[in-house]
Amino acid sequence: MAADSGGGARTPGVLVGPIDLAARVDEALAVQAVAFGLGPGEVQVRRHIVLRHLEHPCARALGATTATGRLVGFVYGMPNERGHWWSTVVEPYLRATGSEDWLDDSFVITELHVHPEFQNRGIGRALITTITDAVDQPRSILSAIDTESPARGLYRTLGYRDLARQVLFPSAPKPYAVMGAPLPLRRRDRG
């Protein structure tokens, strides 16, 4: 699939499709480190987390690769389960806003990152719409740093709305927002 689901390819030569994320975890984390500003210690911690998540039988992963095979973006997620660490952290915040039911029958976007050199070309949109189009759940949830950012703007254009804000994760320096959207995700107006 070309790198802009819902509006035409804007990044010729970048393809979005399934990847063996466990085999390419170091490449993916290098993208995340640049996109998210992670240091070497944080990357090592996240490496173990990603590999553990990928053991889930319903985990899905997609990558955005160039014609030369360079990984320039990735997304992964799985059906949400209330016993997962992320759910246990966000549940009290969602309960406080009357949105706790979003933890059930939802596909959680665990990570979505695009290398800064390739941002604003439709790659993130293609990754998230492609992964959620292939799931059985009727809705999707995710968390994003609670600030007005291009990522949050993208999520809003896809139909995500804030379910809870100022969510504090242990050891995270900034608060997050939890967002949810019905599936399939909204596409761009082509008219």
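Structure first, text after, so check above.
These notes cover the structure that comes with them. Keep in mind it's a predicted model, so treat the numbers as computed, not measured.

### Remarks on the overall build of the chain
(1) Moving on: Scanning the chain from N- to C-terminus turns up 5 helices and 7 strands.
(2) Moving on: Secondary structure of the chain in N-to-C order comes out as β-α-α-β-β-α-β-α-β-α-β-β.
(3) Moving on: For 191 residues, the compact-globule estimate of 2.2 N^0.38 gives 16 Å, and the chain sits close to it at 16 Å.
(4) Moving on: Once the C-alpha set of the chain is aligned to its principal axes, its extents read approximately 45 × 45 × 30 Å.

### A look at the packing of aromatic side chains
(1) Moving on: All chains considered together, the criterion is met by 3 aromatic pairs.
(2) Moving on: Ring centres of Y155 and Y160 lie 5.8 Å apart, and the angle between their planes is 65°; this geometry places the pair in the edge-to-face category. Taken individually, Y155 and Y160 each receive the classification buried, so the pair is uniform in this respect.
(3) Moving on: An aromatic cluster is built from W85, F169 and Y176, whose rings are joined through pairwise contacts.
(4) Moving on: In this structure, R121 packs its charged tip against the face of F118, placed 5.0 Å from the ring centre.
(5) Moving on: Across the ring face of W102, the terminal group of R139 is positioned such that the distance to the ring centre comes to 4.8 Å.

### Topic: helix α1 (residues 25-36)
(1) Moving on: Spanning 12 residues, α1 covers 16 Å between terminal C-alpha atoms, matching the ideal 16 Å at 1.5 Å per step.
(2) Moving on: Those residues of α1 lying buried are V25, A28, L29, V31, Q32 and A33.
(3) Moving on: Of the surrounding elements, those touching the buried residues of α1 are α2 (40-53), β3 (71-79) and β4 (106-114).
(4) Moving on: Remark: G37 follows α1 within two positions and exhibits a positive phi of approximately 75°.

### Some remarks on the environment of P40
(1) Moving on: By the secondary structure assignment, P40 is in helix α2.
(2) Moving on: P40 sits 14 residues away from D26 along the chain, and the two C-alpha atoms are 11 Å apart.

### Focus on helix α4 (residues 123-133)
(1) Moving on: Here α4 lies mainly inside the structure; 9 of its 11 residues are buried.
(2) Moving on: Of all the positions in α4, only I123, G124, R125, A126, L127, I128, T129, I131 and T132 are classed as buried.
(3) Moving on: Structurally, α4 contributes buried residues whose contacts are with β1 (15-18), β2 (60-65), β3, β4, β5 (139-145) and α5 (150-157).

### A look at the sheet that holds β1
The strands making up a sheet are joined through hydrogen bonds of the backbone, oriented either antiparallel or parallel.
(1) Moving on: In space, the 7 strands of this open sheet follow the order β1-β2-β3-β4-β5-β7-β6, with mixed pairing throughout. Sheet topology places β1 and β6 (161-167) at the edges, where each strand pairs with a single neighbour. This sheet shows a mean twist of 20° between the axes of neighbouring strands, independent of strand direction.
(2) Moving on: As judged from the 7 bridges shared by β5 and strand β7 (residues 176-182), these two strands associate in the antiparallel manner. Residue pairing for β7: S143 is matched across the bridge by V178.
(3) Moving on: Docked against the sheet, α4 engages β1, β2, β3, β4 and β5, running at close to 155° with respect to β4.

### Some points on the pattern of salt bridges
(1) Moving on: Scanning the entire structure with this criterion turns up 16 salt bridges.
(2) Moving on: Note that E148 and R152 form a salt bridge whose closest N and O atoms lie 3.7 Å from each other.
(3) Moving on: The closest approach of N and O atoms between R156 and E148, which form a salt bridge, is 2.9 Å.
(4) Moving on: Where salt bridges share partners, they join D146, E148, R152, R156, D162 and R165 into one cluster.

### Structural notes on the environment of G122
(1) Moving on: Considering the arrangement of structural elements, one finds G122 in the loop between β4 and α4.
(2) Moving on: Placed 76 residues apart in sequence, G122 and R46 show a C-alpha to C-alpha distance of 25 Å.

### Some words on the packing of α1 against α2
(1) Moving on: Packing of α1 against α2 leaves a shortest axis separation of 10 Å and a crossing angle of 130°. Taken together, the axes of α1 and α2 lie oblique to each other. The two elements α1 and α2 meet at a crossing, and its hand is right-handed. Together, V25, D26, L29, Q32, A33 and F36 of α1 and V43, R46, R47, V50 and L51 of α2 make up the contact between the two elements.

What counts, and where the lines are drawn
Residues numbered from 1 in each chain as written. Predicted model: local features only at pLDDT ≥ 70, side-chain atom pairs only at ≥ 80, totals over all residues. Heavy atoms only, no water. Helix = DSSP H or I, 4+ residues; strand = E, 2+ residues; numbered from the N terminus. Rg over C-alpha atoms; globule rule 2.2 N^0.38 Å. Phe/Tyr/Trp six-rings, centres within 6.5 Å; stacked < 30°, edge-to-face > 60°. Buried < 20%, exposed > 50% of the residue type's maximum accessible area, 1.4 Å probe, protein only. Lys NZ or Arg CZ within 6 Å of the ring centre and 35° of its normal. Expected span 1.5 Å × (residues − 1). Contact = heavy atoms within 4.5 Å. Pairing = 2+ DSSP bridges. Axes fitted to C-alpha atoms, helices over the stretch in contact; angles between N-to-C directions. Salt bridge = Lys/Arg side-chain N within 4 Å of Asp/Glu carboxyl O. Parallel < 35°, antiparallel > 145°, perpendicular 65-115°, else oblique. Left-handed = near helix turned anticlockwise from the far one by under 90°.

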